[in-house]
Amino acid sequence: MTRTRVFDRQKVLEKAMLVFWRKGVDGASIADLLKEMKISRSSMYETFGNKDNLLLEAIQCYMDARNSEREVLNDSGDVRLSIMRYFQNHIDRVFDEQAPDGCLITSTAAAIDHQSALIQDAVETSFKDIESSLMNLLEKGKASRQIDSKIDSKKWAFLLLNLHHSINITSKINHNKEDFIEMIKHVLSLL
């Protein structure tokens, strides 16, 4: 007779996401995950299969939660303002004392060389989604003449993607939120 699951899968997944986020992929042990998730080892394996599958679902949970941040990139009314709002939201989240430091995707990317192909694909998808959203907005800005039509949208989107992830890392050392805001303002003035 199989036991009925008596936990909320989404809540357990969110707790696992926080463990991976706080401790990093390599630092999050099964024991850490089980303690935070408050489920048995057998329940974890029956529900998620293994640690990689759990991480994969945690990454998807994280990306789903971040989708609302990217929504401002769909507003092409004022392209520079939309990009600034995107980065302001990102910087606010990075400096939110209630949230773990950094970014689950950035920390997973830092350990990507020894992750499964599925994990690598999930991280790559996250990177491409952000880059694509930025590139589309830049193209709209060029079409509406809000920004110089000669800029290379792909290169600028790549630059902005890298700024996004560098903020996650550099903020662990530089705790002055205004430095990051001023950096983004300066970059946007070059568009």
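Heads up: the structure comes first, above all this text.
So, here's what we can say about the structure. Here, residues in each chain are numbered from 1, in the same order as that chain's written sequence. Owing to the predicted nature of the model, reporting of local features is limited to residues with pLDDT of at least 70; listing and counting of side-chain atom pairs is limited to 80 or more, with chain, interface and lining totals taken over all residues. Just so you know, side-chain values use all the structure's heavy atoms and leave hydrogens and water out.

**Examining the packing of aromatic side chains**
No. 1: In this analysis, rings of Phe, Tyr and Trp, with Trp reduced to its six-membered ring, are considered paired at centre separations within 6.5 Å, and the interplanar angle assigns stacked below 30 degrees, edge-to-face beyond 60, and tilted for intermediate values. Scanning the entire structure with this criterion turns up three aromatic pairs.
No. 2: Relative to Phe-87, the ring of Tyr-86 has its centre 5.3 Å away and its plane inclined at 85°; by these criteria the two rings are edge-to-face.
No. 3: By relative accessible area, which is 1% here, Tyr-86 ends up buried.
No. 4: Here's how the labels work: a residue is buried when its accessible area is under 20% of the maximum for its type, exposed when over 50%, partly exposed in between, all with a 1.4 Å probe on protein chains only. On the basis of relative accessibility, which here comes to 0%, the residue Phe-87 falls in the buried class.
No. 5: Arranged with centres 5.6 Å apart and planes meeting at 55°, the rings of Phe-95 and Phe-180 form a pair that is tilted. Of the two residues, Phe-95 is situated in the loop between α5 (79-94) and α6 (104-110) and Phe-180 in helix α9 (residues 177-189); the sequence distance between them amounts to 85 residues. Helix numbering and strand numbering both begin at the N terminus, where a helix is a DSSP run of H or I of at least 4 residues and a strand a DSSP run of E of at least 2.

**Digging into the packing of helix α4 (residues 51-70) against helix α7 (residues 117-143)**
No. 1: α7 packs onto α4 with a crossing angle of 10° between their chain directions and a minimal axis gap of 9 Å. Comparing their axes, α7 and α4 come out roughly parallel. Packed against α4, whose contacting residues are Asp-52, Leu-55, Leu-56, Ile-59, Met-63 and Arg-70, the element α7 presents Leu-118, Ile-119, Ala-122, Val-123, Ser-126, Asp-129, Ile-130 and Ser-133 at the interface.
No. 2: All amino acids are sorted into three groups, where Ala, Val, Leu, Ile, Met, Phe, Trp, Tyr, Cys and Pro are nonpolar, Asp, Glu, Lys and Arg are charged, and the leftover types, Gly among them, are polar. Partitioned by chemical class, the residues of the contact of α4 with α7 number nine nonpolar, two polar and three charged. Axis angles are defined between N-to-C directions and span 0 to 180 degrees, where every axis is a line fitted to C-alpha atoms and, for a helix, only to the segment in contact. Note on terminology: angles under 35 degrees are roughly parallel, angles over 145 are roughly antiparallel, angles of 65 to 115 are roughly perpendicular, and the others are oblique. Note on contacts: a residue pair is in contact if any heavy atoms of the two residues lie within 4.5 Å.

**Concerning the nonpolar core**
No. 1: Of all hydrophobic cores here, the largest spans 31 residues; its most connected members are Phe-20, Leu-33, Met-37, Met-44, Leu-54 and Ile-59.
No. 2: Ranked by residue count, the leading element in this core is helix α1 (residues 9-27), at eight residues.
No. 3: Setting aside chain neighbours within four positions, we find Leu-54 in contact with Leu-13, Ala-16, Phe-20, Leu-33, Met-37, Met-44 and Phe-48.
No. 4: Side-chain atoms within 4.5 Å link the members of a nonpolar core, which is a set of buried Ala, Val, Leu, Ile, Met, Phe, Trp, Tyr and Cys residues. Counting 26 residues, the second-largest nonpolar core is a separate cluster that includes Met-84, Val-94, Ile-181 and Leu-191.

**Things to note about α5**
No. 1: Expected span of a helix, by definition, is 1.5 Å for each gap between consecutive residues, and there is one gap fewer than residues. In this model α5 runs 23 Å from its N-terminal to its C-terminal C-alpha over 16 residues, within 8% of the 22 Å that 1.5 Å per residue would give.
No. 2: Those residues of α5 that fall on the buried side of the exposure criterion are Val-79, Ser-82, Ile-83, Met-84, Tyr-86, Phe-87, His-90, Ile-91, Arg-93 and Val-94.
No. 3: Those residues of α5 hidden inside the fold are in contact with α1, α4, α7, α8 (153-170) and α9.
No. 4: The residue sitting at the N-terminus of α5 and contributing the capping side-chain oxygen is Asp-78; that oxygen lies 3.4 Å from the backbone nitrogen of Arg-80. Any pair of nitrogen or oxygen atoms within 3.5 Å is treated as a polar contact; in protein, a donor-acceptor pairing is required on top of that, and neighbouring residues in sequence qualify only through side-chain atoms on both sides.

**A short note on the packing of α1 against helix α2 (residues 30-37)**
No. 1: The contact between α1 and α2 brings their axes to 9 Å, and the two run at 150°. Compared by their axis directions, α1 and α2 come out roughly antiparallel. With respect to the hand of their crossing, α1 and α2 are arranged in right-handed fashion. Mapping the contact onto sequence places Val-12, Lys-15, Ala-16, Val-19, Phe-20, Arg-22, Lys-23 and Gly-27 in α1 and Asp-32, Leu-33, Glu-36 and Met-37 in α2. Should the near helix be turned counterclockwise from the far one by less than a right angle, the crossing is left-handed, whereas a clockwise turn marks it as right-handed.

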